[in-house]
Amino acid sequence: MLVLFSYFIIGFSLWTAFALITKGQKHSEIKEVSNEILSNIKSLIYTFRKLFRLLIQDLLTNNTSQTIDDFSKKNYRKETFEEPRGFIVNDFDDEDKAIIDFSQEVIDVITEEENKAA
């Protein structure tokens, strides 16, 4: 989209330049409108520069006046998260598929340790 817009602007600029060079019937009006467009572009650039400066000044003044302690002192509401629908916490298989390849001795040791912990 940006490329298409660029082609449009370039084509329009070349067409305007050609019209100014050939000095057709509407030469003076084309020159007035192109000067007005140039003036508006300069004004737009100046306005963006002014906005950029204001944003930088705002950023610098906000960063120096606020600290991390200011944020920690505020009481923010903690959001509670609901579990997705259909999700049941206790829905699991009793068999652990990861220990299928273990020997029976290793499984017995694991079972003993789980019983001690419980």
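Predicted model, so just to flag it, every value in this text is computed and none were measured.

A. Examining the overall build of the protein chain more closely. Within the protein chain, the regular secondary structure consists of four helices and zero strands. Each helix and strand of the protein chain, ordered N terminal to C terminal, gives the series α-α-α-α. Counting over 118 residues, the protein chain shows a buried share of 2%. Of the accessible surface of the protein chain, which amounts to about 12200 Å², a share of 61% is contributed by carbon and sulfur atoms.

B. Inspection of the packing of aromatic side chains at higher detail. Tallied over the entire structure, the rule returns two aromatic pairs. Both rings, one in Phe8 and one in Phe12, keep their centres 5.5 Å apart while their planes meet at 25 degrees; by these two values the pair is stacked. Of this pair, Phe8 and Phe12 both sit in helix H1 (residues 2-22), four residues apart, which is roughly one turn of that helix. Note on Phe12 and Trp15: the rings are 6.0 Å apart at their centroids and 90 degrees apart in plane angle, and the pair reads as edge-to-face. With a gap of three residues between them, Phe12 and Trp15 both fall in helix H1, about one helical turn apart. A residue is classified by how much of its surface remains accessible, and Phe12, at 44% relative accessible area, is partly exposed. You can call Trp15 exposed: its relative accessible area is 60%. Three or more aromatic residues link up through ring pairs in this structure, and these residues are Phe8, Phe12 and Trp15.

C. Representation of H1 in the model. Relative to the 30 Å expected for 21 residues at 1.5 Å per residue, H1 spans 30 Å between its end C-alpha atoms, a close match to the ideal helical length. Within two residues after H1, Lys23 carries a phi angle of roughly 50 degrees, on the positive side.

D. Broad picture of the pattern of salt bridges. If you walk through the whole model with that rule in mind, you get two salt bridges. Across the pair Glu29 and Lys26 runs a salt bridge, and its minimum N-O distance is 3.9 Å. Here Lys116 ties to Glu113 by a salt bridge, and the two come within 3.7 Å at their closest N and O atoms. Of the two residues, Lys116 and Glu113 are both situated in helix H4 (residues 104-117); the distance of three residues between them amounts to about one turn of the helix. Judged by relative accessible area, Lys116 falls into the exposed class, the value being 62%.

E. Spotlight on the confidence of the model for the protein chain. Per-residue confidence for the protein chain gives a mean pLDDT of 78, with 68% of residues at or over 70. Mean pLDDT across the secondary structure elements of the protein chain bottoms out at helix H3 (residues 68-73), with 53, and peaks at H1, with 91.

F. Representation of a nonpolar patch on the surface within the structure. A cluster of nonpolar side chains, Leu2, Phe5, Phe8, Ile9, Phe12 and Trp15, forms an exposed patch at the surface whose accessible area comes to about 730 Å². Note on placement: Phe5 falls in helix H1.

G. Fine view of unusual backbone geometry. One non-glycine residue, Lys23, adopts positive backbone phi at about 50 degrees. Along the chain, Lys23 turns up in the loop between H1 and helix H2 (27-65).

Conventions used here
Residues numbered from 1 in each chain as written. Predicted model: local features only at pLDDT ≥ 70, side-chain atom pairs only at ≥ 80, totals over all residues. Heavy atoms only, no water. Helix = DSSP H or I, 4+ residues; strand = E, 2+ residues; numbered from the N terminus. Buried < 20%, exposed > 50% of the residue type's maximum accessible area, 1.4 Å probe, protein only. Areas by Shrake-Rupley, 256 points an atom, 1.4 Å probe, with all protein chains shown as cover. Phe/Tyr/Trp six-rings, centres within 6.5 Å; stacked < 30°, edge-to-face > 60°. Expected span 1.5 Å × (residues − 1). Salt bridge = Lys/Arg side-chain N within 4 Å of Asp/Glu carboxyl O. pLDDT = per-residue confidence, 0-100. Patch = residues over 30% accessible without salt bridge, like charges linked within 9 Å, V, L, I, M, F, W, Y side chains within 5 Å.

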